[in-house]
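Architecture and fold: a report
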Amino acid sequence: MPIACRFKVSQGTTFCVSDCPATAPCGVFRYFRIEKPEDIPAVDPKAIDVAVLDMNHGWPNLGHDSIVHAVLDASCDLLPLFDATGLHVRALSYDVRRSGMIPEAPGGRFAVYLGSGGPGDLDPRHNDGVSIGAQGVLEDPSWEAPLFHLYDEIRSDEGTALLAVCHSFGVMCRWSGAARAALRGAEKGGKSTGVLENVLTPEAQAHPWFRRFAEELPEGRRLRVVENRLYDLLPLADTFPGGIVPIGYETLGIGGPPGDAVTMLEFARDRAGVMPRVFGVNHHPEIVDRERQMMLLQQKRERGEVSAEWYAERLDILTRTYPSEDSDQRLHLTSDFTFLGPLRFHLHRAIRLRAESLGLATDVHEDHVLAAPAAVVAR
């Protein structure tokens with residue numbers, strides 16, 4: 001497992017469900033659910049806060065918890081530092097679409113924002129509760145304008161990162177004018193779901209971060225992804241708006257040619273010009289350990305939280321494999337380069353800067369993350 005907390009590596013992927021030392025009493029990771037203003041915890045100088053933009057509108061899902069656990073895993077690996085300094089990490093999950101809760105702009109408590117997947121049309125005005133694309137969602141679109149303003153603030157602040165998956169990526173495509181949403185029709189087999197394939201662009205192959213990914217892939221560009229989406233994102237023009245770099249496209253079947261739907265976009269890069277800073281994908285790289293996800297899925301079913309249909313669809317996604325390849329290793333490689341690596345880079349940067357501002361000694365540096373995936377994949 002190229003990027004995973006050391007306890008998962010030594011104890012197995014199920015260890016941290018109930019025994020994670022980072023969440024023990026007085027642990028180094030804390031979680032807050034934000035559905036109203038009074039849920040927001042007070043600013044703590046020793047807390048590095050990460051904003052999770054929950055776009056699920058209250059629907060059952062595996063992705064949101066997986067995003068939170070990715071932050072938890074990254075925190076767990078820094079236990080010695082946190083124990084020595086009193087620093088800790090907090091994930092604040094904002095219920096954006098259902099409760100209209102939007103985190104504050106960068107420059108204060110947040111330097112890292114994470115956008116989740118979710119159901120329904122990518123334009124909230126189309127979610128009438130009855131149309132096919134709405135998936136039963138009926139929502140107030142008033143959250144969109146303040147969220148778009150937050151995106152503007154994040155993109156203009158070089159010290160702030162936003163990483164987005166699936167529904168959040170589609171919303172960002174609308175915000176930026178990079179692509180339009182199109183409901184997948186019968187000619188494409190309808191909903192795109194399961195372990196599928198994307199292809200890296202020439203721009204990705206020349207990118208300081210993604211070219212290392214390309215070196216590990218068949219033909220230097222074909223990657224496995226976990227998908228569960230109704231919508232394609234189709235570019236609005238032959239070229240993307242200034243500063244937006246296409247990183248990936250769909251393929252028309254495993255091994256097939258590239259399709260017309262863009263699946264990964266870089267909206268901004270870090271100051272050093274290496275790591276994507278504002279970045280989105282139309283797959284689910286937060287879904288990493290399929291064995292662990294299946295255990296969580298079974299728990300949801302036993303508690304009666306999900307329907308039989310929902311359970312069966314997710315189980316199919318998590319158990320699908322392909323002959324003559326290590327699907328789990330290939331999916332983890334995708335997660336490392338399209339989510340986990342960038343997340344740890346920007347989180348480590350936020351931790352380093354906070355420690356420095358408080359005069360605390362630390363050997364954590366975001367540049368250490370740059371060597372992690374390639375060093376382990378090459379073993």
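Here is a short report on the structure shown in this document.

Cut-offs used in this document
Residues numbered from 1 in each chain as written. Predicted model: local features only at pLDDT ≥ 70, side-chain atom pairs only at ≥ 80, totals over all residues. Heavy atoms only, no water. Helix = DSSP H or I, 4+ residues; strand = E, 2+ residues; numbered from the N terminus. Buried < 20%, exposed > 50% of the residue type's maximum accessible area, 1.4 Å probe, protein only. Contact = heavy atoms within 4.5 Å. Pairing = 2+ DSSP bridges. Axes fitted to C-alpha atoms, helices over the stretch in contact; angles between N-to-C directions. Phe/Tyr/Trp six-rings, centres within 6.5 Å; stacked < 30°, edge-to-face > 60°. Expected span 1.5 Å × (residues − 1). Arc of directions from axis to C-beta.

Mapped onto the secondary structure, A182 falls in strand β6 (residues 179-183). With a relative accessible area of 16%, A182 lands in the buried category. Residues A182 and L234, spaced 52 residues apart in sequence, show a C-alpha to C-alpha distance of 7.1 Å. Those residues in contact with A182 that sit more than four places away from it in its chain are L230, Y231, D232 and L234.

Now for the sheet that holds strand β11 (residues 258-269). Reading across the sheet, the 10 strands line up as β1-β3-β2-β4-β5-β12-β11-β10-β7-β8 and stay open at both edges, with mixed pairing between neighbours. Strand pairing shows two members of the sheet lacking a second neighbour, β1 (29-34) and β8 (222-229), which therefore form its edges. Along the sheet, successive strands turn relative to each other by an average axial angle of 25 degrees, direction set aside. Two elements, strand β4 (residues 110-115) and strand β5 (residues 161-165), share four bridges in a ladder whose sense is parallel.

Summed over the entire model, instances satisfying the criterion amount to eight aromatic pairs. Ring geometry for Y94 against F110: centres 6.1 Å apart, planes inclined by 80 degrees, an arrangement best described as edge-to-face. Of this pair, Y94 sits in strand β3 (residues 88-95) while F110 sits in strand β4, and the two are 16 residues apart along the sequence. Residue Y94 shares its accessibility class with F110, and that shared class is buried. Where F148 meets Y151, the ring centres are 6.2 Å apart and the plane angle is 25 degrees; that geometry is what we call stacked.

A few words now on the pairing of β8. Put simply, side chains in a regular strand alternate between the two faces of the sheet. Among the eight residues of β8, eight are classified as buried, and the element is accordingly described as predominantly covered. Burial along β8 is two-sided: the face carrying R222, R224, V226 and N228 and the face carrying L223, V225, E227 and R229 are both buried. Looking at chain direction, strand β7 (residues 192-200) and β8 are connected through eight bridges and run antiparallel. Following the sheet pairing, S192 is matched in β8 by R229.

A turn of α-helix holds 3.6 residues, and therefore any two residues three or four places apart point the same way. Compared with an ideal rise of 1.5 Å per residue, which puts 12 residues at 16 Å, helix α11 (residues 308-319) spans 16 Å between its outermost C-alpha atoms and is within 8% of the ideal. Buried within α11 we find W310, Y311, R314, I317 and L318. Taken end-on, α11 shows its buried residues confined to a sector of 130 degrees, consistent with a single buried face. Projecting away from the buried face of α11 at angles above 90 degrees are the exposed residues A308 and E309.

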